[in-house]
Every structure is written in structure tokens, then in C-alpha cells.
Amino acid sequence: MEAFIYYFIRIILPLLIFGCVLLIAVLIINRYSYDLFRPKLEVTKNEIENFLTNMIFSSFEESQQESEIQQFKKVIPFEKSWCKKLLLNEIIFLKLNLKGEVTNKFHFIYEQFDLFQYTQKLLKSSRFYLKCLGLYQLEALDYKKGSHYITPLLNHKNRNIKSRAFLALISLKPNKLESLIDFSHEISIAEEINIMDILHQKKTKMPSNLNEWIVSKNTSIIKLGIKLMMFYNYTNENEQIINLLKHQDKTVRHEAIMAINFLFIFEAEPDLIQQFSNEDTQNKLEIFNTLSGIGSRLSENFIAQLLENKTDENIKLEAVYCLNKINSDYFDDHFLNNEDVQKMVKHVKTLHR
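Rules used throughout
Residues numbered from 1 in each chain as written. Predicted model: local features only at pLDDT ≥ 70, side-chain atom pairs only at ≥ 80, totals over all residues. Heavy atoms only, no water. Helix = DSSP H or I, 4+ residues; strand = E, 2+ residues; numbered from the N terminus. Rg over C-alpha atoms; globule rule 2.2 N^0.38 Å. Contact = heavy atoms within 4.5 Å. Areas by Shrake-Rupley, 256 points an atom, 1.4 Å probe, with all protein chains shown as cover. Lys, Arg positive; Asp, Glu negative; His and termini not counted. Charge placed at Lys NZ, Arg CZ, Asp CG, Glu CD. Expected span 1.5 Å × (residues − 1). Buried < 20%, exposed > 50% of the residue type's maximum accessible area, 1.4 Å probe, protein only. 1 Å grid on protein atoms, 1.4 Å probe; cavity = no way out; pocket = protein on both sides within 12 Å on 5 of 7 lines; lining within 4 Å. Points joined across faces, edges and corners; volume = space filled by probe spheres on them. Nonpolar A, V, L, I, M, F, W, Y, C, P; charged D, E, K, R; others polar. Axes fitted to C-alpha atoms, helices over the stretch in contact; angles between N-to-C directions. Parallel < 35°, antiparallel > 145°, perpendicular 65-115°, else oblique. Left-handed = near helix turned anticlockwise from the far one by under 90°. Salt bridge = Lys/Arg side-chain N within 4 Å of Asp/Glu carboxyl O.

When helices and strands are counted, the protein shows 18 helices and 0 strands. For the protein, the C-alpha radius of gyration of 31 Å lies well beyond 20 Å, the compact-globule estimate for 353 residues. Expressed along its principal axes, the backbone C-alpha trace of the protein runs to roughly 85 × 80 × 40 Å. Partitioning the intrachain contacts of the protein with sequence separation of at least 6 by distance along the chain shows that 67% fall at a separation of at least 24. Of the accessible surface of the protein, which amounts to about 20,600 Å², a share of 54% is contributed by carbon and sulfur atoms. Taken as two groups, the 43 positive and 43 negative side-chain charges of the protein have centres that lie 8 Å from each other.

Below is the structure:
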């Protein structure tokens with residue numbers, strides 16, 4: 001113990017003190033450097049904002065604006081990376097916030113400032129966050145000429161880069177979704193949401209090979225394919241959607257059940273009833289939700305039989321709700337002596353008065 005105290009006082013403690021002093025010195029120097037640099041940064045930022053605003057809202061004359069850009073490069077410290085970053089951030093900000101014909105100038109400005117080369121350097125960087133930043137720039141500017149620089153990153157070992165490249169390529173080429181069927185990696189829920197958001201914004205046409213998506217070996221492609229069929233209200237593959245009720249993946253079955261409801265695939269009713277006992281609670285509830293929209297006398301008899309048997313209370317309540325939606329008069333002359341069911345009926349009817 002005495003030896004430890006000795007070494008701590010003589011060696012470790014001085015090192016800790018030296019480290020703290022060095023850290024404080026670095027922080028002070030960085031702060032001092034930033035304070036010296038900040039005025040220059042603000043001046044440059046204001047110059048960039050004013051220049052871009054004037055250029056975007058002035059009439060377009062290519063040769064004149066080329067000359068103006070070349071002159072402006074001499075006004076600002078254009079050779080510095082931080083300046084190019086400022087310039088690019090402002091271009092992206094304006095591109096995302098302006099609408100109409102003025103947005104047609106952004107690609108011209110991007111190219112004339114040689115900022116595509118800056119983006120290319122980011123894409124070639126070994127740091128994953130810089131690659132992602134480069135992908136974001138191409139996507140935000142809708143710069144389709146850069147799409148072939150994205151393709152090699154689809155097979156990158158880093159999941160974040162692969163995901164970002166995947167979404168950027170879809171955004172730049174929304175009308176060429178057919179190639180998605182060849183993607184082998186699992187598409188996350190976040191990616192699905194982003195893809196659907198892109199489709200809403202871009203108003204893209206339906207992939208010509210959509211019927212092949214729902215027979216893919218990649219379950220995430222199948223689920224995305226089902227979502228796209230709902231998005232495009234595509235009813236040419238109803239039989240195949242019904243077949244997916246037998247798929248080994250329960251999340252695929254869940255998507256299929258929702259699609260049957262959304263697309264009003266009435267012929268799926270007996271298959272839903274047959275599959276009911278094989279499903280977990282979540283899928284059972286979704287089947288009820290679907291039957292409440294497409295159910296007939298067949299569903300009435302099926303649900304009535306469920307209510308007569310010993311069934312989980314939550315399932316029973318949803319069954320009553322479903323049966324009431326199929327036939328609101330059903331309980332007027334059925335289950336009149338079943339106290340539990342009558343309580344549920346009263347609860348359901350009270351909610352929907």
C-alpha cells in the first residue's frame with residue numbers, strides 16, 4: 001500500500017496534473033483561435049448569403065453569371081474547406097426552402113463553384129460521417145449526375161453508409177425503383193418510412209416489376225412491395241397477397257393482412273379465418289380489423305363460434321367489436337343470455353354512439 005502511495009505521488013499525480021494543464025491550455029488556445037476567426041467567418045457568411053440571393057433572383061444569363069462567380073471566388077477565401085462548406089450549406093438551405101423556377105439555377109451554381117469536386121472528396125473519404133455528408137449533399141440538391149458515384153457505396157461494409165447510399169439513390173432515381181429487387185440487405189423500418197416519404201414527394205410511377213417483389217427471398221423487399229401495392233392501389237396480384245398469409249415470417253403475414261383490408265380483397269375472407277388460429281395476438285387483432293371491413297355471414301359464424309369458446313378477454317372484446325361492425329344488429333337476437341358478451345356489446349355500442 002505504501003509503495004502504491006509513493007508511486008502515485010511521485011509518478012501518477014504529476015502526470016495527471018500535467019495532463020489537466022495541457023488540456024486547459026488547448027481549450028484556451030482553441031477558444032482564442034475561434035474568437036479571432038469568428039469575425040472573418042461571419043463576414044464571409046454574409047457575403048455568401050448576399051451573393052447567392054442576388055444571383056438566384058436575378059435574370060439568368062449564363063456567361064455573365066459565370067463571370068460573376070469567378071470574380072466572387074476572389075472576394076472570399078474560396079480555397080479554404082470551411083469556406084466551401086459555408087457556401088454549400090447556404091446553397092442547400094436555399095434549395096430546400098425555395099420553390100418554383102428559381103430552383104433551376106442551383107445546379108449551375110453548384111457546378112460553377114466546383115462544389116461537386118468537394119462532394120466527391122467527401123464521398124472518397126475514409127471517415128463514414130463525411131461519406132454520409134457527401135451523400136446528403138447530392139440528395140438535397142437532387143443532383144442526378146452524381147448518382148453513379150453512389151452506386152459503389154451500396155455494398156459498403158458500413159451499415160450507415162450503405163443505408164444512406166440506398167436512400168440517396170432512390171431519391172435521385174425514384175422512377176427506377178425496379179433495381180431495388182436486387183438488394184440483398186435487410187431494409188429497416190426507418191428506411192421504409194424514408195422510401196415512402198420520397199415516393200410521396202416525388203410522385204413516382206409504379207415499378208414495372210412490382211409483382212416480383214412479393215415473391216423475393218428478402219422479406220424486407222416483400223414487405224416494401226406490399227406497401228407499394230397499397231400506395232399505388234395495385235390489385236393485379238390479389239391471389240399472391242392471399243398466398244402470403246402462409247408465409248413463414250409473421251411480419252410479412254401482418255403486412256399481407258393489412259393489404260387485404262386496404263385493397264378490399266373480399267375473396268381472402270376464408271383464408272383469413274383459416275389462418276386465425278395460427279397467428280399471435282397482434283396478427284389476430286389485425287385479422288379482426290380486416291374482417292370488420294370485408295366480412296360476410298361466414299365471418300359472423302366464425303366470430304360467434306369464438307365467442308362461445310373460452311377465449312382471451314382482449315380477443316373476445318375485439319371479436320365483439322368486429323362482429324358489431326359487420327352486422328350492427330347481430331347482438332339484438334344473439335348471446336342474449338351470455339352476461340360477459342353482453343357487457344362487451346354494451347361497451348362497444350356505447351363507444352360508437
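Read on for the rest.
For helix α11 (residues 219-231), with 13 residues, the first-to-last C-alpha span of 18 Å sits near the 18 Å given by 1.5 Å per residue. The buried count for α11 comes to 12 of 13 residues, which makes it a mostly enclosed element. Listed as buried for α11 are T219, S220, I221, I222, K223, L224, G225, I226, K227, L228, M229 and M230. On its buried side, α11 packs onto α9 (189-202), α10 (210-213), α12 (238-243) and α13 (250-262). Backbone geometry just after α11 places N233 at a positive phi near 55 degrees.

On to the environment of T151, then. With respect to the element layout, T151 can be found in the loop between α7 (147-150) and α8 (159-172). T151 sits in the partly exposed class, given a relative accessible area of 39%.

What follows concerns the layout of surface pockets. Of the pockets and cavities examined, the largest pocket occupies roughly 540 Å³. L96, E139, S171, Q201 and K202 are the residues nearest the centre of the largest pocket, which is lined by 18 residues in total. Elements that contribute at least two residues to the lining of the largest pocket include exactly α3 (81-97), α6 (128-140), α8 and α9. Sorting elements by how many residues they give to the lining of the largest pocket places α9 first, with 5 residues. Of the residues that constitute the lining of the largest pocket, the class distribution is 6 nonpolar, 5 polar and 7 charged. Volume-wise, the second largest pocket comes out at about 220 Å³.

Here we take up the side chain of D142. Turning to its location among the elements, D142 is positioned in the loop between α6 and α7. D142 sits in the buried class, given a relative accessible area of 18%. Beyond its immediate chain neighbours, meaning those up to four positions away, D142 contacts K95, H107, S171, L172 and K202.

Here we come to the environment of A25. Note on placement: A25 falls in helix α1 (residues 2-57). Note on A25: relative accessible area 30%, which makes it partly exposed. In this structure the C-alpha to C-alpha distance between A25 and K105, which are 80 residues apart in sequence, comes to 47 Å.

The phi dihedral of N233 is positive, around 55 degrees, even though this residue is not glycine. Among the structural elements, N233 can be located in the loop between α11 and α12. Even without a glycine there, the phi angle at F335 is positive, about 55 degrees. Mapping F335 onto the fold places it in the loop between α17 (313-326) and α18 (339-351). On the basis of relative accessibility, which here comes to 14%, the residue F335 falls in the buried class.

For the rest of this paragraph, the subject is the packing of helix α16 (residues 297-308) against α17. Put simply, α16 and α17 touch, their axes get as near as 10 Å, and they point 150 degrees apart. Classified by the angle their axes make, α16 and α17 are roughly antiparallel. Note on packing geometry: the crossing formed by α16 with α17 is left-handed. Where α16 abuts α17, its residues S299, E300, I303, A304 and L307 lie against K316, A319, V320, C322, L323 and I326. Residue composition of the contact of α16 with α17, grouped by class: 8 nonpolar, 1 polar and 2 charged.

A few words now on the pattern of salt bridges. Tallying each qualifying case throughout the model produces 12 salt bridges. A salt bridge links E139 to R164; the shortest N-O distance between them is 2.3 Å. Placement of E139 in helix α6 and of R164 in helix α8 is noted, with a sequence separation of 25 residues between them. Take E139: its relative accessible area is 18%, and that puts it in the buried class. The partly exposed category is assigned to R164, whose relative accessible area is 24%. Residues E339 and K343 are paired through a salt bridge, measuring 3.7 Å at the closest nitrogen-oxygen approach. With E339 and K343 both in helix α18 and 4 residues apart, this pair spans about one turn of that helix. Taking relative accessible area as the criterion, K343 reaches 52% and is therefore assigned exposed. Each member of the salt-bridge network shares a partner with another, and the members are E192, K227 and E255.

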